[in-house]
Every structure is written in structure tokens, then in C-alpha cells.
Amino acid sequence: PESAMAPKKPLCLPSLLLPLLTLLLPQADTRSFVVDRDHNRFLLDGAPFRYVSGSLHYFRVPRVLWADRLFKMRMSGLNVVQFYVPWNYHEPEPGVYNFNGSRDLFAFLQEATLANLLVILRPGPYICAEWEMGGLPAWLLRKPKIHLRTSDPDFLAAVDSWFKVLLPRIYPWLYHNGGNIISIQVENEYGSYRACDVSYMRHLAGLFRSLLGDKILLFTTDGPEGLKCGSLQGLYTTVDFGPADNMTKIFGLLRKYEPRGPLVNSEYYTGWLDYWGQNHSTRSIPAVTKGLEKMLKLGASVNMYMFHGGTNFGYWNGADEKGRFLPITTSYDYDAPISEAGDPTPKLFAIRNVISKFQEVPLGPLPPPSPKMTLGPLTLHLDGNLLDFLDFLCPQGPIHSVLPMTFEAVNQVHGYMLYRTYLTDTVSEPTQLWVPNNGVHDRAYVMVDGVFQGVLERNMKHNLFLMGKIGATLDVLLENMGRLSFGSNSSDFKGLLQPPILGQTVLTQWLMFPLKVDNLVKEWFPIQPLKSSHPQTPSGPTFYSTTFPILNSGGDTFLFLPGWTKGQVWINGFNLGRYWTKRGPQQTLYVPRPLLFPRGAHNRITLLELENVPPQPQIQFLDRPILNSTKHRTYIYSLSSASEPMELSGH
Ligand SMILES: CCCCNC(=S)N1C[C@H](O)[C@@H](O)[C@@H](O)[C@H]1CO
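The rules behind the values
- Residues numbered from 1 in each chain as written.
- Predicted model: local features only at pLDDT ≥ 70, side-chain atom pairs only at ≥ 80, totals over all residues.
- Heavy atoms only, no water.
- Disulfide = S-S within 2.5 Å.
- Helix = DSSP H or I, 4+ residues; strand = E, 2+ residues; numbered from the N terminus.
- 1 Å grid on protein atoms, 1.4 Å probe; cavity = no way out; pocket = protein on both sides within 12 Å on 5 of 7 lines; lining within 4 Å.
- Points joined across faces, edges and corners; volume = space filled by probe spheres on them.
- Nonpolar A, V, L, I, M, F, W, Y, C, P; charged D, E, K, R; others polar.
- Salt bridge = Lys/Arg side-chain N within 4 Å of Asp/Glu carboxyl O.
- Buried < 20%, exposed > 50% of the residue type's maximum accessible area, 1.4 Å probe, protein only.
- Near = heavy atom within 4 Å.
- Polar contact = N/O pair within 3.5 Å; in protein donor to acceptor, adjacent residues only side chain to side chain.
- Areas by Shrake-Rupley, 256 points an atom, 1.4 Å probe, with all protein chains shown as cover.
- Sits in = over half its atoms within 2 Å of the grid points.
- Pairing = 2+ DSSP bridges.
- Axes fitted to C-alpha atoms, helices over the stretch in contact; angles between N-to-C directions.

Student: For this particular structure, what's the right way to read the state of the cysteines?
Tutor: Throughout this description, disulfide means a covalent bond between two cysteine sulfur atoms. With the rule as written, the count across this model stands at one disulfide. At a sulfur-sulfur separation of 1.6 Å, the disulfide partner of Cys 196 is Cys 229. Judged by the torsion about the S-S bond (-75°), the Cys 196/Cys 229 disulfide is left-handed. Taken together, the residues span a long stretch of sequence, with Cys 196 in the loop between strand E7 (181-185) and helix H7 (198-212) and Cys 229 in helix H8 (residues 227-230) at a distance of 33 residues.

In C-alpha cells:
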């Protein structure tokens, strides 16, 4: 990028000089990145080096946009990019590995090199990151008694198997081997986990050493309260904290573990995460830049978490448990310096200004915000109720069990499973249906003979009342809202964890239909909108879709679903993620331009609405995001232009 920005002048080195120059370049055997404990600093190839790093998660950005985001990070003055490796993103089934397309971690490493960024890698095995199960694969829970993140032999066997695939592939990318990885984190904030199993951490450290050699700098990261259980002899200790924390106190604590060597904050929070149903999180520019400047003045190395957040596409969001189950939103904008759509924000320029006081910032302007597009409103047509497509959604047919089985027990990782039983008596009065022990993980949409009765929700809504004739079909569609990524002291199984109770009757004899919704949307709807045999009036989980062309060169855009309730969206078969308009705070979904076909071709959008559709099944594409709506208001943009939203009184 610098060369692209430098003034153009002919480079005419006499040919004899070139061999001399290569002698001056650090060769693989002289490349080094080490801790200089005598001077409390890092050394890169023997010279003092301080990193100013930013986190960007390749797994939250379409591959075609990686170079753009990394370039903007370099132009912001960063010299390092830090990122996790989610184990569940690359080993979807035991022994099955995926490093292709947007999962090609090594292509991302190459893009980082091209952007002139060094790399700090955080391969876990647990990564937290508000990512599904903190990056651990759900198939681990097929052994229900497994103790995650401990020296449980079943857990360690799976960890060893994964790292014996991943780490040898990482080895050539280590800085001293000619690559760009200067350091690697072991586990993630282990001190915040109740197990505090030092033999587990020792096992990981030994495994990393055996597979990566003894030159690479291995480190740990913990909040101040986690240093005791999270740090380990032989691993460099680092901390994480945000703008509002007491830096002096925390770095003072850190010095108890690393009396000498550079101070490092591995996660300086530039913003924060969002939960469905909670207010949008922000961190102010003055607070962020003040803390950054103070750390840089101390000579500390810093990684800003996040520098670009991106999106939890598909079902990949995680969840926290703070008194109750709190799923993370689809947007991972994080109020970060680079917005979810990849645009530089005022926070970026303020940070760039601080960095420029301490080290060289590449010359030249940041790229402008990407072109944005408005479209619509578009009217969607009813494809049919979810139950109409059961044969396509579960081609192998249901699994029968006396008691309901979990997603994990039937090898369903993400999304949805239908639980079906039949009333053994007529229920002539409205009768309570509930699941003991808060056993709905996470949301249940209840139908009787295909007619929607209502919703049960983990921690939130524990019962509903229904009637039905003997032999009536009772369908319970279970939605997995994402497995706990933090604070879980137990494994987060999904599904009906207990048999539901109707009145005084424990309901038994269940058929479980693991649903392959993405296959249906990808393989069937584009061929022929599979009109159900008798499209009924919408009732409960229902598919809607339409096709639309882009009228000009188009741009990034934000899908707005006014009046819709909650569901999932696909554009051209790509799972854009969850929407929950009724609960907020997010009201729009980011649609990257590369997901859409060029002008003239027809794009297809498909919605699975889980509850209730608006009177007019319409959607819009806006030229800006809405991430902080309050729950009671509905915005309808003026149809003529994307002017400021008119605020309608709530509903
Ligand atoms: C409610 C906070 C959940 C715990 N996560 C914390 S403290 N964080 C530290 C964690 O290491 C990182 O992966 C992110 O999860 C970050 C929050 O964005």
C-alpha cells in the first residue's frame, strides 16, 4: 500500500547493487521476534519494536473484502493484525476440515502480508469472541459428560487431533520461518473459567511447543481478575482492559507476573458487543483515544479489540449468560473504528492521529466510505408454511424417541429442529403447555395441526395455553439461538432438554426432525419457488421470497424489515443471519455488495419468518444501518429517498 501511495519515480538500481541489497534484508535465519526483558520491550530482527495492533476476524468478513479491510487497517497506522481461529469453523465434523473460500485462513495470512501487517494469532482452542460456543465444535457435546476446557481425556484427544492438523500448517507462517506471525496466544482468558485446571494449560503449552518449535513467542491473555489461573510459567503474560478501567492498577498487577518485559494490552476495547433485546453498546472517542495515548506513552504494545468487527452471518453468533441467556446480535459492528460495512469512522481518524504521535503512519488518504444503495420497498410472496416442506427439510425422515432428544444427540449443530407428537386425549379447555427446568433451549414455536399457538423462550416465556382434539398433531419448532460463548459453567445443549408437560400429562413419544433449511433455500427455491400444495394463510414459521434486479452498479446496502417479527434471511442462498425486528436493537442487516448479482440479473431473497408477518409483507434496502432502535418505535423511511427516518408512534 505504501508503494501505491508513494510519489512515482523510476527505480533504476544498478544491477550489481541488488545482490548487496538482498544481503541487507533479514534472511529467514536472522528473522526474530523476542522479548527484551532488560529494556522492557520487544525486538524485531534485533531492533526495538512496539506493536499497535487491531483485531479483525476473517470469519466475520466475506473473503472478497479481506484486502479492503486490511488495507484500511494498515493506512490507520497499525503494524499488526490480531485474529482468532475458530475451531468449529474449520472442523465441522470430527476429522472433516474446511479451509476453503471464506474459511481459507492461509489466504487471509497472505492478504495480511500484502497489506504489510504482521500477525498475532489466537488459535484457542477456546476463543470466546461472542462466537458460537466460543469456537469449540458442538460435536464435542455428543459426549454429554465431557468437561470442556479441562484435561478431560475426551476433550484433550479432540484438541490434540485438531491442533495436529492446524499447527503444522501454521509453522511455515511463523516470523522466524519467513512468515508474518510474531506471536501466538494459548487458550483465551482461561483465568475467567471456573475450572482453573493448570494441567490443561500445561498440556496446551507443551503441544504448542512440540508443534511450533521453541522460537515463537507464546502468550496468555486475561482480565486483571483472571491472571492467577490464566497465566503459566513459560508463556508471556498479557492483560486486557477497556477505556474505563484503571490502567495503572491493572498494569501494576501485570508486573507481578511479568516484572520485566514490555507491557501488553491484548484487547483494548474500542467498543462493545450487542445482545438482542438490550441497548446498542458504544464507547466514546475521547475515552478510547485517551487510554490509547496513555498506553503508548508508557511504551506498551496494544491490540485494539475490535478494529473491524464485521458480521455474525448464518447461525455463528454466540451468547452470554448474565442472569439470563443473552444471544449476541447478527451485527458485530462493535462500534469499532471501521464500521460493519467497512467504512472508516471518526473514531478511526482520532486513533490514527494518536498513533501518528508515536510512529510512522502511511501517507495518503483513507479510502472513502463504500457506495451505498437503496432499493424497494419490495413485496414478498408466501412460499408456504415451514411444515409444508418437511419432506424436503428432513429427507432422511424423523428420529423416534420416547423422550425428546437434544440437537447434539441427533448430530444437528445449528438452526432448527421440529419436535412432533400427537395428543393422546382431547384438550377441550385452554391448557398450559410448559417445559420443566427451563428446558427450552432456546426458543420454541408451537403449532397444533399446523396452526400457530405461540412461543416459549428460555428464561423469558415459560408457558402457553392450547386446546386440541385427540390425535391432533402437536409440533414444536426449536430454534438454536447460538451456544454460550462466555461464562458458561456447563455445556449449552440445545433443543427440548425435558419432555414438555400439557396440563398434568408428561408428553412422550416424540418424532425429531433435524431441519436442513439452508439446503432447502439453496437447492429448491431458486429452481422453482416450491409452492406448498395448498398455500395456507401464514401461520407460524413461514417462508417468503421474491426476486429483484439491481438497477445500477449498486453498492452495499442494509436490509430493513419493518413490521416483521423474527427469523432468518438468505440472499442468493447466502445465509445473511438472524433478524429480530420486534426486539432490536438491530433493525437492519448488512448486505455486502458482492453478495448481489450485477445489474440486470435477478437476486433472490428468502425469509423464514418464525412468528408473525406484517400486514404488507414488504422489505426495504436502506443506505445506512439502524443498530440502535428502541423497542417501541417503528421507522418507515420516506419511500422517495433515504432521508432521515420518520418516527412513527410506537406500536
Ligand atoms: C460480557 C463479556 C463477555 C466476555 N468477553 C470479553 S470480556 N471479551 C474478552 C474475550 O477474550 C473476547 O474474545 C471477547 O469476548 C471480549 C468481549 O468482546
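Student: I keep staring at empty space enclosed by the protein and nothing clicks. Help me out?
Tutor: Vacant regions in the atomic arrangement are exposed by a probe of water-molecule size rolled over the atoms. This structure, assessed with the given rule, holds five cavities of 30 Å³ or more. Lining the largest cavity, in full, are Trp 276, Arg 324, Phe 325, Leu 326, Pro 327, Asp 442, Arg 443, Glu 457, Arg 458, Met 481, Trp 580 and Arg 583. A per-element tally of the lining of the largest cavity places strand E13 (residues 325-327) first, with three residues. Among the residues forming the lining of the largest cavity, the class breakdown is six nonpolar, no polar and six charged.

Student: I'm lost on the pattern of salt bridges in this one. Help?
Tutor: Side chains bearing opposite charge may pair, as long as their charged atoms lie close to each other. Scanning the model with the defined rule gives 28 salt bridges in all. Among the ionic pairs, Arg 443 bridges to Glu 457, the shortest N-O distance being 3.1 Å. One end of the pair, Arg 443, is in strand E20 (residues 443-448); the other, Glu 457, is in strand E21 (residues 451-457), and 14 residues separate them in sequence. Note on Arg 443: relative accessible area 5%, which makes it buried. Among the salt bridges present, the one from Asp 492 reaches Lys 494, with a minimum N-O distance of 2.8 Å. Given the relative accessible area of 0%, Lys 494 is considered buried. Taken together, the shared-partner salt bridges connect Glu 321, Asp 442, Arg 458, Asp 492 and Lys 494 into one network.

Student: Before we go on, may I ask you to explain the layout of surface pockets in this structure?
Tutor: Of the pockets and cavities examined, the largest pocket occupies roughly 950 Å³. Contributing to the lining of the largest pocket are 37 residues, with Arg 103, Tyr 315, Trp 316, His 414 and Asp 518 lying nearest its centre. Those elements that provide at least two residues to the lining of the largest pocket are helix H4 (87-90), helix H13 (517-524) and strand E31 (574-579). The biggest single contributor to the lining of the largest pocket is H13, with four residues. A volume near 440 Å³ is recorded for the second largest pocket.

Student: Can you help me understand the site of the ligand in this one?
Tutor: Taken together, 17 residues lie near the ligand, and Tyr 84, Glu 130, Asn 188, Glu 267 and Tyr 334 sit nearest. Interatomic distance of 3.3 Å between a backbone N/O atom of Ile 127 and an oxygen atom of the ligand. Glu 130 is positioned such that a nitrogen or oxygen atom in its side chain is 2.6 Å from an oxygen atom of the ligand. Protein contact buries 92% of the 440 Å² of open area that the ligand shows by itself. When atom positions are compared with the pocket grids, the ligand is found to occupy the second largest pocket. Looking at the shell around the ligand residue by residue, the class counts come to twelve nonpolar, one polar and four charged.

Student: Help me out: how do you make sense of the sheet that holds strand E23 (residues 473-479) in this one?
Tutor: The strands making up a sheet associate through backbone hydrogen bonding, with each pair oriented either parallel or antiparallel. Read across the open sheet, the six strands follow the order E16-E27-E17-E23-E20-E21; overall the sheet is antiparallel. The sheet is open, and its two edges are formed by strand E16 (399-401) and E21, each paired on a single side. Direction aside, neighbouring strands of the sheet carry axes that sit 25° apart on average. Two strands pair when backbone bridges link them, and E20 and E23 are joined in this way by six bridges, in the antiparallel orientation. Paired with Val 448 across the bridge in E23 is Leu 474.

Student: Would you take a moment to explain the sheet that holds strand E10 (residues 264-269) for this structure?
Tutor: Read around the closed barrel, eight strands run E4-E5-E6-E7-E8-E9-E10-E11, paired in parallel fashion. Ignoring strand direction, the axes of neighbouring strands in this sheet form an average angle of 30°. Two strands pair when backbone bridges link them, and strand E4 (residues 52-56) and strand E5 (residues 80-84) are joined in this way by three bridges, in the parallel orientation. Bridging across to E5, Ser 53 finds its partner in Val 80.

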